[in-house]
There are 2 protein chains.
Amino acid sequence: MIRYSNGLKFTKKPNNSQEKPIKSTSFSHGNRGMNLEQDINLSNEYYKQQGLCLVTKRPTPINVVQVDYSKGAIITNAYFEKQSTTDYNGVWKGRYLDFEAKSTNKTTSFPLANISHHQIEHLKNVTKHKGIAFFIIEFAKLEKVYLLDANYVVDFYENGPRKSIPYKEVINHGYEIKKGYIPRLNYLDVIEKIYGNS
Amino acid sequence: MIRYSNGLKFTKKPNNSQEKPIKSTSFSHGNRGMNLEQDINLSNEYYKQQGLCLVTKRPTPINVVQVDYSKGAIITNAYFEKQSTTDYNGVWKGRYLDFEAKSTNKTTSFPLANISHHQIEHLKNVTKHKGIAFFIIEFAKLEKVYLLDANYVVDFYENGPRKSIPYKEVINHGYEIKKGYIPRLNYLDVIEKIYGNS
C-alpha cells in the first residue's frame, strides 16, 4: 500500500515539498519544476517498494563556507552549486540509468538553455559506458511529459539548427510518459519499451 | 596526462581538499576519512579520463532552513543530514556500481557502527536489482584498503556474532585494493576480477 499524500518524507528538501495541484497556471517556474521532481520522486518510491527499479535523486550540491560547531554543526554560510551531473541515477535489471528532469513553461519548444554543458558531457559519458541515459521533459502548460533519449538531445545540442527543440520534434523523437495516480509518471514503462531489448 | 596535485578541483568541498600525507598518524578520524575519499575521487577522475568507468560521488545531503536572497541566495541556516544511501555510484560496462567507503583507525576489526541501517538497506536493494554493491574499507593505521562485497557485509551486519568484522575475516572475504600513484586506489582492477565474469 502506497500512501502518497502522507507517510512519505522528503528529507532532502522538506521546505519545498508542498503538495499543490499541478494544473494551476499561476505557478512560478520553480514550483512547476518542483512538481515534476515530486512526481518523479514519488514514482521512484513506488518502483522501489514494488521492486521494479532503484533510482535515487542526487542531493543538491552545496558549498559549505562556515559551520558553527558551538550549536552542534549548524551551517551558517553556504551557497548552492550547479549540479555538474544529473538529478537522478539508479539501477534497473543490473543496468545503469541516468537522467535529468526538466520542466518548461513553453508550449512550442524546449529551450536547451535549460541544460548545462556539464550535464551534456556527463550524459555523453554515460552513453559511452553503455548506461541508459535520457531526459524527462515536462511541458507544464500542455500537461505532457516526454522521455527523450540522451543521444538525440546531445546531437541536437551540439549540431541542431536552433537553441530549442521544437515540440513537434519532441513528439517525433520522444516517448510520452503516461501520468497516473500510482505511479504518477510511469517512465519505467517507457524504458522497458525503448531499452528492454537492447 | 593526469595532474593529481593540481588542476583537479574538488567543487563539492573545496575547504576539505587539503593535500596532506596519508601516512601521518597525527590525523583525526575525519581527516583520514577525507584522505580515503580524496583517493577515491582522484581514482574516479582517472577512470573517467581513461574511459574505464564513470563513478560520481553523491553530494552530502544538506537540509536548508534559511536562504538570504538579498545577497544572491546565501544559505544562512542549514544542517548536514545523514546520507541515506551511499557515497558513490556509477556505471561500468553498462552495469550499475554502488559503494560506500569507510576508514577506520582500528587495527584488529572494522566496527559495523560505521555503517548506517539505511545504507545496509540501500545496498541490499542494489543487489536485488543485480547491481554491483560493495564497500571500500580502509584500515588507516595498517595502510591497507579492502573491497568487501556488500552481500558479505550485509550478512555479517544482520547475522554476525559481533558488532565488528575481525580484520582476519576482512582479509579472508575481501580483496585488497592496491595503492599506487595513478590511480591511487585501483579498485576497478578488483571489480574486474570479482564481477567481470558474473
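Just above, that's the structure.
Note that this is a predicted model, so its numbers are computed, not measured.

(A) Expanded view of the overall build of chain A. Within chain A, the secondary structure is distributed over five helices and 10 strands. Burial statistics for chain A: of 198 residues in total, 50% are counted as buried. The long-range share in chain A, meaning contacts at least 24 apart out of those at least 6 apart in sequence, stands at 63%. Element-wise, carbon and sulfur atoms account for 49% of the exposed surface of chain A, whose accessible area totals about 9,600 Å².

(B) Representation of the packing of aromatic side chains. Taken as a whole and judged by the stated rule, the model has 23 aromatic pairs over all chains. Pairing Tyr96(A) with Tyr96(B) gives two aromatic rings, centres 5.9 Å apart and planes at 20°, and the pair type is stacked. Here Tyr96(A), found in strand E5 (residues 95–104), pairs with Tyr96(B), found in strand E5 (residues 95–104), and the two come from separate chains. The same class applies to Tyr96(A) as to Tyr96(B), namely buried.

(C) The pattern of salt bridges, seen in detail. All names here are of chain B. Evaluated as defined, the whole model comprises 20 salt bridges over all chains. Linking Arg184 and Asp39 is a salt bridge whose minimum nitrogen-to-oxygen distance equals 3.3 Å. Residue Arg184 is found in the loop between strand E10 (175–176) and helix H5 (187–195), and its partner Asp39 is found in helix H1 (residues 29–50); the two are separated by 145 residues along the sequence. By the burial criterion, Arg184 is buried, and Asp39 matches it.

(D) Region of the structure containing the pairing of E5(A). Residue and element names in this part refer to chain A. By the criterion of burial, E5 is predominantly enclosed, with nine of the 10 residues buried. Between strand E4 (residues 88–92) and E5, which follow one another and run antiparallel, lie two residues, and Lys93 among them has a positive phi close to 50°. Relative to strand E7 (residues 132–139), E5 runs parallel, the two sharing eight bridges. Residue pairing for E7: Lys102 is matched across the bridge by Ile137.

(E) The arrangement of the packing of helix H2 (residues 117–128) of chain B against helix H3 (residues 150–159) of chain B in detail. Residue and element names in this part refer to chain B. Packing of H2 against H3 brings their axes to within 10 Å, and their N-to-C directions diverge by 135°. Taken together, the axes of H2 and H3 are oblique relative to one another. With respect to the hand of their crossing, H2 and H3 are arranged in left-handed fashion. Listed contacts from H3 to His117, Ile120, Glu121, Leu123, Lys124 and Thr127 of H2 are Ala150, Asn151, Val154, Tyr157 and Glu158.

(F) Spotlight on the interface of chain A and chain B. With 45 residues of chain A at the interface, the matching set in chain B holds 45 residues. Summing both partners gives a buried area of about 3,500 Å² for chain A against chain B, and 58% of it is carried by carbon and sulfur. At the boundary of chain A with chain B, the tally comes to nine residue pairs in polar contact (both at pLDDT 80 or more). Residue contributions to the side of chain A that touches chain B peak at seven residues, all from strand E3 (residues 74–80) of chain A. Taken together, the residues of the side of chain A that touches chain B sort by class into 19 nonpolar, 18 polar and eight charged. Pairing between E3(A) and strand E3 (residues 74–80) of chain B: four bridges, direction antiparallel. Among the inter-strand pairings, Ile75(A) is bridged to a residue of E3(B), identified as Ala78(B).

(G) Spatial organisation of the relation of the copies chain A and chain B. The transformation that overlays chain A on chain B combines an axial shift of 0.0 Å with a rotation of 180°, and the residual RMSD is 0.0 Å. Put plainly, the chains are arranged around a two-fold axis. Comparing interface residues between copies, 100% of those in chain A also sit at the interface in chain B, which points to an isologous, same-surface contact.

Cut-offs used in this document
Residues numbered from 1 in each chain as written. Chains lettered and ligands numbered in written order. Predicted model: local features only at pLDDT ≥ 70, side-chain atom pairs only at ≥ 80, totals over all residues. Heavy atoms only, no water. Helix = DSSP H or I, 4+ residues; strand = E, 2+ residues; numbered from the N terminus. Buried < 20%, exposed > 50% of the residue type's maximum accessible area, 1.4 Å probe, protein only. Contact = heavy atoms within 4.5 Å. Areas by Shrake-Rupley, 256 points an atom, 1.4 Å probe, with all protein chains shown as cover. Phe/Tyr/Trp six-rings, centres within 6.5 Å; stacked < 30°, edge-to-face > 60°. Salt bridge = Lys/Arg side-chain N within 4 Å of Asp/Glu carboxyl O. Pairing = 2+ DSSP bridges. Axes fitted to C-alpha atoms, helices over the stretch in contact; angles between N-to-C directions. Parallel < 35°, antiparallel > 145°, perpendicular 65-115°, else oblique. Left-handed = near helix turned anticlockwise from the far one by under 90°. Buried area = accessible area lost by both parts, 1.4 Å probe. Polar contact = N/O pair within 3.5 Å; in protein donor to acceptor, adjacent residues only side chain to side chain. Nonpolar A, V, L, I, M, F, W, Y, C, P; charged D, E, K, R; others polar. Least-squares fit on C-alpha atoms with pLDDT ≥ 70 in both.

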